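Structural features, examined
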Amino acid sequence: CSVPNTMASPSAPSGFVAVVASVVVLTVVTSRVTAITPSFGWDTLSQQVFFHSCNESGLYSDQALDVITRFPLVTIEKGQGYNDQQPGKYAEDKITEQLAAIKARNSSICTVAYMNSIRDWYFYRMHQTMLSNPAYHLKDKKGNDVHINGDGHFNPPKQGMLVFNHGNPDVQAWWTNVCLNFTKSGVVDGCFSDSSQVHDSTWEHADVSPADMQSLDAGIVSTMRGLTQALDNTTKGPLIGKTPTQQGVTSIQIEMFTASNKSISELLLGVANGMRVEAHVEPTVFKCKHPCDCVENELAAYLIGAGENSYFGYGAWISADLTDVQDRWCEDLFSRPLGKPNGLAVLSGHLWTRSFASGTKVTFNIEKKRGTITWAS
């Protein structure tokens with residue numbers, strides 16, 4: 001699935017971006033042999049880590065894929081191939097193409113495509129459907145389209161983006177089918193549903209009636225619940241939401257996991273609710289050149305709260321270069337013996353403690369926000 005790319009960023013480091021021809025021919029499997037759910041294990045951390053990012057210049061290089069395909073769970077973000085603005089080629093195509101390359105390397109990886117539950121990103125094919133279906137738009141009290149902002153890196157329109165109105169059952173069915181169409185490619189197992197949590201207020205002072213906001217939120221829950229069931233009946237892949245109390249999903253990502261009791265509590269709540277939980281650390285917290293050298297506090301916090309089907313990961317949503325990708329895999333840490341936990345973590349005063357079957361022991365001081373991991377020899 002990797003072919004040359006002339007649209008690669010000229011500033012991209014050597015070995016990072018695959019070269020792709022100006023005409024891309026995408027061949028994917030059209031029938032699935034086995035259902036793929038994320039694998040998980042306690043032997044080592046390598047069995048409970050995930051990769052979530054994208055390469056806006058095009059397909060990842062073989063060197064980058066050497067790293068990415070070591071993760072059991074991989075999500076490709078909306079910005080995949082963003083710099084390639086070929087007419088008629090949308091984010092859905094580019095994400096699928098990248099996940100096809102990953103599956104070609106390792107078919108056991110659970111692959112996830114990024115979607116946004118409310119923001120109508122203009123570089124998705126979904127936007128074309130929105131333009132031709134005004135009834136799909138969230139409206140304000142005057143009947144005007146509601147617009148909200150998004151990540152400025154992707155140059156959203158000045159007025160903001162349209163909002164998917166999940167209060168409309170037709171939108172629920174359509175949004176669900178977009179995800180299911182991803183999975184019908186045979187190389188995508190599930191979807192990441194950004195902004196799918198229930199919203200407490202309107203966005204950017206948009207004059208949306210309380211009834212319409214309630215309808216939107218109830219509709220999002222309905223969409224998530226129906227899609228989760230549909231995936232359970234087909235790929236067994238995840239629909240990943242945002243909060244540990246979120247309705248309609250059984251997988252979530254703690255997007256800004258930190259070395260703190262707040263994040264530990266959020267992880268513990270997700271585990272207690274029977275969810276698959278991704279603990280994602282935002283890379284700016286690291287104060288060293290290579291995160292593997294200074295990730296102990298965050299990793300200790302994760303191990304204090306981790307349960308069955310918990311995953312740890314970090315990094316920016318856009319991979320900056322090959323080194324960025326390589327720095328996400330910490331061989332020395334991920335290969336050390338762990339084993340099943342000997343029980344839940346115990347909090348005594350300011351100190352969390354937990355031990356694992358291998359003899360590995362973890363502590364985390366919630367006052368100092370410092371963790372230690374004493375690995376089994």
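Up top is the structure these notes are about.
Here goes a summary of the coordinates provided. Worth saying up front: this structure is predicted, and the values here are computed from it rather than measured. Within each chain, residues carry numbers counting from 1 in the order of the written sequence. Given that this is a predicted model, residues contribute local features only at a pLDDT of at least 70 and side-chain atom pairs are listed and counted only at 80 or more, while totals for whole chains, interfaces and linings are drawn from all residues. Side-chain descriptors were evaluated using all non-hydrogen atoms of the structure, hydrogens and water having been removed beforehand.

Moving on, we get to the overall build of the chain. Secondary structure elements follow DSSP: runs of H or I of four or more residues count as helices, runs of E of two or more count as strands, with numbering from the N terminus. Tallying secondary structure elements over the chain gives nine helices and 14 strands in all. Among the 377 residues that make up the chain, the fraction classed as buried is 55%. Nonlocal contacts in the chain, meaning residues at least 24 apart in sequence, comprise 69% of its contacts between residues at least 6 apart. Note that accessible areas follow from Shrake-Rupley with a 1.4 Å probe, and for residues the cover is restricted to the protein chains shown. Taken as a whole, the chain presents about 15800 Å² of accessible surface, with 51% of it coming from carbon and sulfur. Think of it in three bands: residues with accessible area under 20% of the maximum for their type are buried, residues over 50% are exposed, and the middle band is partly exposed, with areas taken using a 1.4 Å probe on protein chains only. Here, residues are in contact when the closest pair of their heavy atoms is within 4.5 Å.

The subject of this paragraph is the state of the cysteines. For the purposes of this analysis, a disulfide is any pair of cysteine sulfur atoms at a distance within 2.5 Å. A full pass over the atoms with the stated rule returns three disulfides. Between the sulfur atoms of Cys-179 and its disulfide partner Cys-191 the distance amounts to 2.1 Å. Handedness of the Cys-179-Cys-191 disulfide follows from its S-S torsion of about 110°: it is right-handed. A residue pair is termed long-range when its members are at least 10 positions apart, and Cys-179 in helix α4 (residues 169-184) and Cys-191 in strand β6 (residues 190-194) qualify at 12 residues. Residue Cys-179 shares its accessibility class with Cys-191, and that shared class is buried. The disulfide partner of Cys-292 is Cys-330, and the S-S distance across this bridge is 2.1 Å. Note on the Cys-292 and Cys-330 pair: the S-S dihedral is about -90°, so by sign convention the disulfide is left-handed. Of this pair, Cys-292 sits in the loop between β9 (276-281) and α7 (296-305) while Cys-330 sits in the loop between α8 (322-326) and α9 (331-334), placing them 38 residues apart in sequence. By sequence-ordered numbering of the bonded cysteines, the chain has its disulfides arranged as 1-2, 3-5, 4-6.

So, on to the sheet that holds β9. What holds strands together in a sheet is hydrogen bonding between their backbones, with the strands either parallel or antiparallel. Paired strands, in this sense, are two strands between which DSSP finds at least two bridges. Strand order in the open sheet formed by eight strands is β1-β2-β3-β6-β7-β8-β9-β10, with parallel pairing between adjacent strands. The two strands at the open ends of the sheet, each matched to only one other strand, are β1 (50-53) and β10 (310-314). Direction aside, the axes of adjacent strands within the sheet are offset by 25° on average. Taken together, the four bridges between strand β2 (residues 73-76) and strand β3 (residues 110-116) define a ladder with parallel strand orientation. In the strand pairing of β3, Val-74 is matched with Thr-111. Packing against the sheet, helix α5 (residues 210-232) makes contact with β6 and β7 (239-241), and its axis sits at approximately 145° to β7. Across the sheet, α7 lies against β9 and β10, angled at about 165° from β10, the strand it touches most. To get an axis, fit a line to the C-alpha atoms, keeping to the stretch in contact for a helix; angles then go from 0 to 180 degrees between the N-to-C directions.

The subject of this paragraph is the nonpolar core. Counting 104 residues, the largest nonpolar core has Ile-68, Leu-299, Tyr-302 and Leu-303 as the members making the most contacts within it. Contact partners of Leu-299, with chain neighbours within four places excluded, come to Leu-45, Phe-312, Leu-333, Ile-373 and Trp-375. Joining through side-chain atoms within 4.5 Å is the link that ties buried Ala, Val, Leu, Ile, Met, Phe, Trp, Tyr and Cys residues into a set, and such a set is a nonpolar core.

We now examine the layout of surface pockets. With a 1 Å grid laid over protein atoms only, a set of points is called a cavity when a 1.4 Å probe fits there but cannot get out and a pocket when it is open yet has protein on both sides within 12 Å along at least five of seven lines; lining residues have an atom within 4 Å of a point. Grid points are joined across faces, edges and corners, and a volume is the space filled by probe spheres set on the points. Within this model, the second largest pocket holds a volume of roughly 180 Å³. If you tally residues by element for the lining of the second largest pocket, the top one is α4, at four residues. Gly falls in the polar group here, along with every residue not listed as nonpolar (Ala, Val, Leu, Ile, Met, Phe, Trp, Tyr, Cys, Pro) or charged (Asp, Glu, Lys, Arg). Within the lining of the second largest pocket, the residues separate by chemical class into four nonpolar, four polar and three charged.

A few words on the side chain of Thr-44. Inspection of the secondary structure assignment puts Thr-44 in the segment before β1. Residue Thr-44 is classed as buried on the basis of its relative accessible area of 15%. Whenever two N or O atoms come within 3.5 Å, that pair is a polar contact, provided that in protein one can donate a hydrogen and the other can accept it, and provided that, for residues adjacent in sequence, both atoms are side-chain atoms. A distance of 2.6 Å separates a polar atom in the side chain of Thr-44 from a polar atom in the side chain of Ser-46. Side-chain polar atoms of Thr-44 contact the backbone oxygen of Phe-334, separated by 3.4 Å.

A word on helix α6 (residues 261-272). Relative to the 16 Å expected for 12 residues at 1.5 Å per residue, α6 spans 16 Å between its end C-alpha atoms, a close match to the ideal helical length. Among the residues of α6, Ser-263, Ile-264, Leu-267 and Gly-270 are the ones counted as buried. The buried side chains of α6 occupy one side of the element, clustering within an arc of 125° when seen end-on. Away from its buried face by more than 90 degrees, α6 exposes Lys-262 and Ala-272. Buried residues along α6 sit against β8 (251-254), β9, α7, β10, β12 (351-355) and β13 (361-365). Two residues or fewer after α6 comes Gly-274, characterised by a positive phi angle close to 75°. Any helix carries an expected span of 1.5 Å times its number of residues minus one. Taken from the helix axis, the directions to the C-beta atoms give the arc we talk about.

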